[in-house]
Amino acid sequence: MATNAVKIGIVGAGGVAEACHLPVLAQMPGVEITWLCDQVRERAEKLARAWGIARAYGELRACPDVDAILLAIPVGLRREALALAFERGWHVFAEKPFAASAEEHLGIVREAARAGVEVGVGLMRRFFRSTGVARRALASEAFGPVLEVWAAEAAHMGTTGREGSWYQADRAAAGGGVLIETGSHTVDQVFQVLGAESFDSLRAALTSAGGIDLEAKAVANVKRSGVAGTVPVHFVVSRLRDLYTGVVIRCEHASIRLGADAARPVEVLGPDDSPLCTLQGTDGGTNFYQPFYLEWRAFLEQCRSRVPSLVDAASALLGTRFIDAAYACASR
Amino acid sequence: MRVAVTGAGGRVGSALVASLARHRELDVVALVRNALAASLLGAPDAEIRVGSVTDPAASREALAGCDAVVNCALAKGWPSTARQQNEAILRNIAAAPDVRRVVHFSSVAVYGMCVDPRVSTFAQPRPDSSYGVDKLREERLAARLFGARQIHHHVVRLGHVYGPSQWVSRDVLERVRDPAFALPFGGENPSNAVSIEAVAAAVRGLLRGDQPSGVRNLFDAPQSSWRTLYDLHTRLLARPPADSLAEAESLALRERYYAAARQPLRNLVRGALGSLGSVNLVALAQSEAFRYLVHGPLLLLPSPVGAALNRAYVRRKARSALAQGAPPARTLPSALMCAPAVPGPCFPTLDSREATAAMAEELGAWLHGLWSYRWDACALGRAERGAGTRPMAVAGSR
């Protein structure tokens, strides 16, 4: 990298950049946020002013070179930005969902490799303390073999506070609905904890409106790395209904439960699913900001060392494949 | 009568739309802000309009032809912006040419979170939260605006709403999941809660009846205790009843909440002095006492200054979070559970036992969906296979 401070450009001045990334990047040692770019220039200028960022742009081509960019625009609107980043040799840290299809995901990873840049993906639940604790507990078979997994994230979406132009009301921009938007987190969290290698026997169903799925259910058998046999995994994500939210992994001797937020510890459940105790750990985030900080630290280290880290985009391909296959299965 | 429900995508709003639309004498118009929210509403008997009631022109269009409005809308976000938007909603409703009757939802939060009847009365409520302060301010604005235009209006100080999809029922479920949870005062305190069924019945009554304009409380009649409320939920879930917190602990907890509400300044100074040298500004800024004290002055600041202060706060919050260890394990019972009944009369509505019985089946099914992580996966291979569709609503569609 050109200078001591890593120069970062931010593409997209929306909620995720403002609420999740700017607060941690602004105080990360050795990082300089060089510019902020948004197709609505006034929005970029406003956010840049608020965070003391020197320059704001409305056109990505006009932005000066940086070491890496945060790509925080909807998945369906990223093609040009990615092509330009690769052309200019910028590393890319992309918010989830990484790609609208497995083919697109692979294409981006390959183009990045050709361009000699690193690409990371912001699946921040990988950096929850609970994810690491659960993964280690399962790997050690402390509770016996895994029998089945139930993962759900479902809340009736009420007031959105968003006007008609909201990207999630536009299928082309959002890449789909709740399955890709919320499911990308849930699926990745489960695959991380299990150490998933592949899946088969996928069945899926969607409830949709205007091409946007509002509820998705999927069941598949997941093969774990280094473990014989497969584990049946059940997913449901919904904006239509309030349902149980969390991941329950049933093992032979006990079950463990982890939540969709960083603060929730891993709980060990008895045979009647009542909580027995919690599992403690020392690594990983336990509040809102820590996982974002940790993913940026991993990504910047990957850019420096050129060794794939936990955020490496290629490592998220299985999740994208699963979601892609679930959409295809449900539409058959 | 054609009645518009603003904030129709929200928990209370969507339940009201569904309930009101079942009554043939009412033509219900559900107002939501985008097409996705419209498709989530699932109210086949209501007309759905997509538009913003914070914008005067869009609001005129959205409320055209409506004789009455039930205002469930609540803008959130940066305090000054949210306040402006909530007040704009009231102004736009008052300016709608066809509207002759309004039901505006306020909250029992105007009396304070842990109501102290010695200082907070029906005529002179004393809120102790920024939410309560804003709600009281809206009440007064509503009375002024609607009174000036001779619009028949009812300001309803809504109790804590429970029922399928409602916040209180969700909170009960989350608390009874925690084996350490215990109800203060054995749950014998009045809950100041109201079932969504009773809210819907009261709104129908207010839309039809000839009660004079004014402010009214709305909670269960007869008042339900927290014990009644918790027992209803645990019974529907087939779970054991919640434990009771010892009397001494309950009293100590209530005193703590009272002290915080009564002496915000002293509390603030004591908190700051107690941690002098390592003042946790984030915890301070998040405290209700601080919000209560600085809320008003903050709203007077020009918005760039306010926004800059907000950024400074977010920076500090992130820095504090990044340095933080594991989160605290236990949450205390809320101030609401330590409070006595809110002062003042209650608008007569459905008998709470009837209301509870009417929604028990739906509430039970909803609670089970939240409690149990299992679902019928076999169905995926049969009836559910493939894509179900819902219509994507557009402005004015029915």
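What counts and what doesn't
- Residues numbered from 1 in each chain as written.
- Chains lettered and ligands numbered in written order.
- Predicted model: local features only at pLDDT ≥ 70, side-chain atom pairs only at ≥ 80, totals over all residues.
- Helix = DSSP H or I, 4+ residues; strand = E, 2+ residues; numbered from the N terminus.
- Rg over C-alpha atoms; globule rule 2.2 N^0.38 Å.
- Buried ≥ 20, exposed ≤ 12 C-beta atoms within 10 Å, placed from the backbone.
- Contact = placed C-beta atoms within 7 Å.
- Expected span 1.5 Å × (residues − 1).
- Core = buried A, V, L, I, M, F, W, Y, C linked by C-beta atoms within 7 Å.
- Axes fitted to C-alpha atoms, helices over the stretch in contact; angles between N-to-C directions.
- Parallel < 35°, antiparallel > 145°, perpendicular 65-115°, else oblique.
- Left-handed = near helix turned anticlockwise from the far one by under 90°.
- Nonpolar A, V, L, I, M, F, W, Y, C, P; charged D, E, K, R; others polar.
- Pairing = 2+ DSSP bridges.
- Right-handed = clockwise from strand over helix to strand, strands pointing away.
- pLDDT = per-residue confidence, 0-100.

Run through the overall build of chain A, naming residues and quoting values.
The number of helices and strands found in chain A is ten helices and 14 strands. The C-alpha radius of gyration computed for chain A amounts to 20 Å, which stays within 12% of the reference 20 Å derived for 332 residues, consistent with globular compactness. Referenced to the eigenvectors of the C-alpha coordinate spread, the extents of chain A come out at roughly 60 × 45 × 35 Å. Looking at chain A residue by residue over its 332 residues, the buried ones come to 53%.

Describe the overall build of chain B, listing the residues and the values that go with them.
Helix and strand content of chain B: 14 helices and twelve strands. Considering only contacts within chain B whose residues lie at least 6 apart along the sequence, 78% involve residues at least 24 apart.

Now, about helix H9 (residues 289–305) of chain A: what can you tell me, with residues and values included?
Residue and element names in this part refer to chain A. For H9, spanning 17 residues, the distance from its first C-alpha to its last is 25 Å, which sits close to the expected 24 Å at 1.5 Å a residue. Among the 17 residues of H9, twelve are classified as buried, and the element is accordingly described as predominantly covered. Looking at H9, one finds that the buried residues are Tyr 289, Gln 290, Pro 291, Phe 292, Tyr 293, Leu 294, Glu 295, Trp 296, Phe 299, Leu 300, Gln 302 and Cys 303. Looking at the residues trailing H9, positive phi occurs at Arg 306, about 65°.

Describe in detail the nonpolar core, supporting the description with residues and values.
Counting residues in each nonpolar core, the largest one holds 158 residues, and the members touching the most others are B:Val3, B:Val5, B:Leu16, B:Val17, B:Ala30 and B:Val199. Not counting residues within four places of it along the chain, the set of residues in contact with B:Leu16 comprises B:Val5, B:Val70, B:Cys72, B:Val199, B:Ala200 and B:Val203.

A description of the packing of helix H8 (residues 226–236) of chain B against helix H14 (residues 352–371) of chain B should follow, citing residues and the corresponding values.
Residues and elements named next belong to chain B. Remark: H8 packs on H14, axes separated minimally by 9 Å, with the N-to-C direction vectors making an angle of 55°. Here H8 is positioned oblique relative to H14, judged by the angle of their axes. Where H8 crosses over H14, the handedness of that crossing is right-handed. Residues Leu 232, His 233 and Leu 236 of H8 lie in contact with H14, whose contacting residues are Thr 356, Ala 360, Leu 363, Gly 364 and Leu 367. When its residues are assigned to classes, the contact of H8 with H14 shows five nonpolar, three polar and no charged.

Talk me through the sheet that holds strand E3 (residues 55–57) of chain A; I want residue IDs and the actual numbers.
All names here are of chain A. As summarised here, the arrangement of the six strands in space is E3-E2-E1-E4-E5-E6, forming an open sheet in which the pairing is parallel. Because the sheet does not close on itself, it has two edges, and the strands there are E3 and strand E6 (119–122). Strand-to-strand, the axes of this sheet are offset by a mean angle of 25°, without reference to chain direction. Judged from the four bridges that link them, strand E5 (residues 91–95) and E6 form a sheet pairing that is parallel. Within E6, the residue paired with Ala 94 across the bridge is Val 121. Most of the contacts of helix H2 (residues 41–51) go to E3, to which it runs at about 160°, and overall it touches strand E2 (31–37) and E3.

If you had to explain the sheet that holds strand E2 (residues 27–32) of chain B to someone new, which residues and values would you point to?
Residue and element names in this part refer to chain B. Pairing is parallel in the open sheet, where seven strands are placed in the order E3-E2-E1-E4-E5-E6-E10. A single partner strand is all that each edge strand has here, and the edge strands are strand E3 (47–50) and strand E10 (214–218). Sheet twist, expressed as the mean angle between neighbouring strand axes with direction ignored, is 20°. Two elements, E2 and E3, share four bridges in a ladder whose sense is parallel. By the bridge assignment, Leu 31 is partnered in E3 with Arg 49. Sitting on the sheet, helix H5 (residues 130–148) touches strand E5 (101–107), strand E6 (152–158) and E10, and the angle it makes with E5 is about 165°.

An account of the pairing of E6(A) is needed here, citing residue identities and associated values.
Burial along E6(A) is two-sided: A:Val119 and A:Val121 facing one way and A:Gly120 and A:Gly122 facing the other are all buried. As for the winding sense of the linkage, the β-α-β connection from E5(A) through helix H4 (residues 102–115) of chain A to E6(A) is right-handed.

Could you give an account of the environment of A:Gly281, naming the residues involved and the relevant values?
All names here are of chain A. Looking at the element boundaries, Gly 281 is found in the loop between strand E14 (275–279) and H9. The exposure class of Gly 281 is partly exposed, given the 18 C-beta atoms found within 10 Å. Expressed as a C-alpha distance, the spacing of Gly 281 and Asp 324, which sit 43 residues apart in the sequence, is 34 Å. Those residues in contact with Gly 281, other than ones at most four positions away along the chain, are Arg 129, Gly 132 and Val 133.

Give me the lowdown on the pairing of strand E12 (residues 255–258) of chain A, citing residues and values where you can.
Consecutive residues of a regular strand have side chains that alternate between opposite faces of the sheet. Residues and elements named next belong to chain A. Here E12 shows two buried faces, one formed by Ser 255 and Arg 257 and the other by Ile 256 and Leu 258. Following strand E11 (residues 246–251), the chain reverses through three residues before pairing antiparallel with E12. Direction of pairing for E12 relative to strand E13 (residues 266–269): antiparallel, over a ladder of three bridges. What sits directly across from Ile 256, in E13, is Val 268.

Can you break down helix H5 (residues 129–139) of chain A residue by residue, with the values?
Count 3.6 residues to each turn of an α-helix, and residues three or four apart come out pointing the same way. Residue and element names in this part refer to chain A. With eight of its eleven residues buried, H5 lies for the most part within the structure. Taken as a whole, H5 has its buried residues at Arg 129, Ser 130, Thr 131, Gly 132, Val 133, Ala 134, Ala 137 and Leu 138. On its buried face, H5 is in contact with strand E7 (146–154), helix H8 (183–194), E11, E12, E13 and E14.

Explain the environment of B:Ala38 to me, using residue names and the numbers behind them.
Residues and elements named next belong to chain B. Locating Ala 38 in the fold gives a position in helix H2 (residues 35–41). The class for Ala 38 is buried, based on 29 C-beta atoms found within 10 Å. Distance from Ala 38 to Val 50, taken between C-alpha atoms, is 7.1 Å for residues twelve residues apart in sequence.

Can you tell me about unusual backbone geometry, naming the residues and giving the values?
Residues A:Lys96 and A:Pro97 are joined by a peptide bond in cis, for which omega reads -5°. With respect to the helices and strands, A:Pro97 occurs in the loop between E5 and H4. The omega torsion of the bond from B:Ala221 to B:Pro222 falls at -5°, within 30 degrees of zero and hence cis. Tracing the backbone through its elements, the reader meets B:Pro222 in the loop between E10 and H8. One non-glycine residue, A:Asp273, lies in positive phi territory at about 70°. Considering the arrangement of structural elements, one finds A:Asp273 in the loop between E13 and E14.

Describe in detail the confidence of the model for chain B, supporting the description with residues and values.
All names here are of chain B. Chain-level statistics for chain B give a pLDDT mean of 83 and a share of 82% at 70 or above. Predicted confidence for residues 275–279 stays below pLDDT 50, and this span has three contacts to residues more than four positions away or in other chains. Predicted as a complex, the structure gets a pTM of 0.83 and an ipTM equal to 0.81.

Outline the environment of B:Leu16, listing residues and values.
All names here are of chain B. The residue Leu 16 is located in helix H1 (residues 11–21) in this model. The class for Leu 16 is buried, based on 27 C-beta atoms found within 10 Å. Leu 16 sits 76 residues away from Asn 92 along the chain, and the two C-alpha atoms are 21 Å apart.

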